[in-house]
Every structure is written in structure tokens, then in C-alpha cells.
Amino acid sequence: MLTTNQHASSPSEEETFKYFPHTPEDVAAMLKAIGVKSIDDLYTDVPAAMRFKGDYQLPSAKSEVELRQWFRHLAAQNKPLVCFAGAGVYDHYIPAVIPSLVERSEYLTSYTPYQAEISQGTLHYIFEYQTMMASLTGMDVSNASMYDGTTATAEAAMMTVAAAHKADRVLLSSTVDKRTAAVVKTYAHVHGFRLEMVAEDNGITSRQDLRGMLEQGSVAGVIVQQPNRYGIVEDFTGLSDECHAKKALLVINSVAADLALLKTPGEWGADIAVGEAQSLGMPMSFGGPYLGYMCTTDKLVRKMPGRIVGQTVDTKGRRTFVLTLQAREQHIRRQKATSNICSNESLMALWVTIYMSIMGKQGLREAAQISYDGAHHLHDELLKTGRFTECFHHPFFNEFCLHYTGDVHALLSHLAANGILGGVDMGDGIIMMAVTEQRSLEEVEQLVKLV
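Keep in mind that what you see is a predicted model, and the values were worked out from it rather than measured.

## Some details on the pattern of salt bridges
- Applying the stated criterion across every chain, the model contains 13 salt bridges.
- Its salt-bridge partner being Lys-246, residue Glu-215 comes within 3.4 Å of it at the nearest N-O pair. Placement of Glu-215 in helix 9 (residues 207–215) and of Lys-246 in the loop between helix 10 (239–245) and strand 8 (249–254) is noted, with a sequence separation of 31 residues between them.
- When its relative accessible area of 55% is taken as the criterion, Glu-215 is described as exposed.

## Examining the packing of helix 7 (residues 149–164) against helix 8 (residues 178–191)
- The interhelical angle for the contact between helix 7 and helix 8, taken along N-to-C directions, is 40°, at an axis separation of 8 Å. As judged from the angle between their axes, helix 7 and helix 8 are oblique. Note on packing geometry: the crossing formed by helix 7 with helix 8 is right-handed. Between helix 7 and helix 8, the residues in contact are Thr-150, Thr-151, Thr-153, Ala-154, Glu-155, Ala-157 and Met-158 and Arg-179, Thr-180, Val-183, Val-184, Tyr-187 and His-191, respectively.
- Looking at the contact of helix 7 with helix 8 residue by residue, the classes come out as six nonpolar, five polar and two charged.

## Overview of helix 9
- Of all the residues in helix 9, the buried ones are Arg-207, Leu-210, Met-213 and Leu-214. Buried residues in helix 9, looked at end-on, bunch into an arc of 125°, giving them a common side. Turned more than 90 degrees off the buried face of helix 9, the exposed positions are Gln-208 and Glu-215.
- For helix 9, the secondary structure elements touched by its buried residues are strand 3 (169–173), strand 4 (194–198), strand 6 (204–205), strand 7 (219–226) and helix 10.
- Remark: Gly-217 follows helix 9 within two positions and exhibits a positive phi of approximately 85°.

What counts, and where the lines are drawn
Residues numbered from 1 in each chain as written. Predicted model: local features only at pLDDT ≥ 70, side-chain atom pairs only at ≥ 80, totals over all residues. Heavy atoms only, no water. Salt bridge = Lys/Arg side-chain N within 4 Å of Asp/Glu carboxyl O. Helix = DSSP H or I, 4+ residues; strand = E, 2+ residues; numbered from the N terminus. Buried < 20%, exposed > 50% of the residue type's maximum accessible area, 1.4 Å probe, protein only. Axes fitted to C-alpha atoms, helices over the stretch in contact; angles between N-to-C directions. Parallel < 35°, antiparallel > 145°, perpendicular 65-115°, else oblique. Left-handed = near helix turned anticlockwise from the far one by under 90°. Contact = heavy atoms within 4.5 Å. Nonpolar A, V, L, I, M, F, W, Y, C, P; charged D, E, K, R; others polar. Arc of directions from axis to C-beta.

By themselves, these figures tell us nothing about what the structure is for.
Below, the structure is given as C-alpha cells:
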């Protein structure tokens, strides 16, 4: 083994990097074919100010011991903070057994279960995932997961257009998370359907504006969020009837864990339920990997992207599992595919399946109730400080917005300096905070004291 103090002779580039797929001659031929002189020419559209011109701070070759020490030093520079931020990603409890099971080699290395005969374990847990997600959302059927909550919402928009045939307008509430809205707008631009934003009224979807847009006709789908991007729990009474009267489908995006207590999309009369499942015990992980869920009614099952695992029996009458529907470009002609997105790697679906199995219905409800209670306690205590005022007079779940009388950035910096990730700056002096079952009364009191 070479250490940092030992040096080998200098072999050629091809000998050193045998895993490089292209030789210098290959690269030159490709550049000539597309009419550029160098690889740098491919990046001329990137402004010079945005290009990294320095050297990467990477060490020279190290032994295993030295490498472990280097990474420990690097990790020590991270400063863990007590998280009161949310906006789509939440610090929920993760049972210790989940990483222990998920990190087993047969799960980490498994791939798409194309061959049912040798994929019964994978197909089984996906089937259980679908069963639990359909129950959680109150819908008829779930697919075998999507990439994340934002792309799942965009896929739902495309699904409404595919189901409508002639209608090409999709209405998106302005109270949907801005990042989700941006992804849906991208899909609309690429796939050629018209996306129109429904106005908001004091933090909730303007039903008057929505009715007016529905009256104009040619609406394939309406997308709303519950709780919405301000944390508000909206009242969707009669919304599905208004949509269906104009032959439009209703899509409800929800934080998965909140559905343990909130009225489900199925109960609201939604046709499609989508959202992010990170709240079901998945680590925040600096933004991923996450898990998008999609559930729908039996009527729309063949319009759903991704895969659906079904249950059957083998030649000996034993319970077995198969890929029942595979509406992907790998299985059918691309132009007829519902979607060309790859379904989420089922490792994340397995994570959520184990979490829901361990927590059970009662555990999910208790975690949601503790989060709800903690958020309302923090909300009331912050108002008592005199430094905050109400933004919206609507019910909320475990996340809320308040006006701050001072400098929001300065407040968040002050909290961070004292070990607390205090919330999300929503602009215009508004701060949004979230509370989960992870937050203790002492941590809530410490935040209020720092304010």
C-alpha cells in the first residue's frame, strides 16, 4: 500500500485511469463532430463570474488511517443545530432499527424487480408500501413511489391532462410550495400544457378566483396543497364537486405524516393524492434522497406513472407478487408512456414501509399530535414576547407563520449562533417555524428565551 510518503513511478494516463471510458483520441473526435475545439468551449454559456477558478481543497494520496482522520476533522466542522425549520423537510424521529435493516446488502444492492421469480422480497415490501400509503391517503391505489414530492406533483399535472384528452389547462394554487410550483412550471413548458396560477386570499386559495377560472372551461386539473406553504390547513369543502362539475380532476399535495390526523385527500374527494414522504421517518440528509408518493382512484389507475405491484398466486396456490402495471418507457413504446420519469429507487420505499410498520396507526397519530401541540405552544409563547404578530387567522398544524417586528435575518443568525435553526425567512418580515415530536419543552423554552 502506498502512503503519503511513498511514490510510484509515473505511468501513462491510460494506465493510471483504466476506468476512463474515452481515450484522448475519442474526445478529440467527438469535439470535432460537434464543431468545438475544447471541452471548455461547451461551458461558454456559463458566465465567467459563476465559474470556479481555484483549486479544489483535496488532499494528496493518503493511507486509510490518514483518510479516516481527515474525514473526522472535516465532519467536526459541521455545527449541529436544533431544528425548528420545516417548509417541506422535517426533523422527525427515526427508529434505530430502520438503518440497521435498510443497510443490509440485499437491500442496498438490489435493483428493479424485473424477474418476479427471484424478486419476491422486494415485490412484497413494495406491495406493503402501496397498501399503507393507500390507507394513509384514503385513496384506492398507490404506485411504487416517485422521485420526490415536487416531481410527483408535476407528474400528477401531466396525468390530469392525459386523462382529460382535450383539456390542456392546469390550475395551480398560489399557496402551493414555491419550489413545487417551479418544477410544475418546468414540466408545463416542456410538455406543452397551460399552467395558470390561482390567486391566494389572506394565505389560502381564493375560491372566487378558482371558480372564475373553472368557468372559462378546458381545465384538466386543479392542484392545491394541505397544509399549504404557510402551514395553514385549508378548508376544501365542496372543492371536488366544483372541479368535477367542470370535468376537472382534483389533485391534493400533502405532507405524508400530517395525514395521520388531518382529513385525507380521499375524504376531500381528491382524484389524485401526491406529496413528499420524507416526514415518515426519513433523515433530512441535506436535501435527499427523498420519496414522492402518488395515490389515485381505481378509475385513473392506468394513467398513473411508475409501477404498481400486485398480489397473485403461483402454480401451487401460494401467495406471490408481480409487477402488475408498468406504465414506463422501458416497458412500452415511449410515445405511449404515461411518464418517462424513473420511479424512486425502492430503498426509500422500504425505509418508509419499515417506519410505518414500527410506528403503527397509533404511533403515527401520537407523533402528529405531539407535533401539533408543540407548534401551538411555541406559537402562543412567541406572541407573548411582544416581538411577533399574527400573519393569518387560519388553523395550522405543526407549522406556522408570524410577523417579526425586528430584522428576521438578524434573529435567525442570533438563534443559529446559539445552536438553533430557528425557522424559514419567508420575506416581508415573516418567519415560518415548525415543531415535530423531536422537539422538547426545554428546547422550545430556550428558543423563546433567546428571542
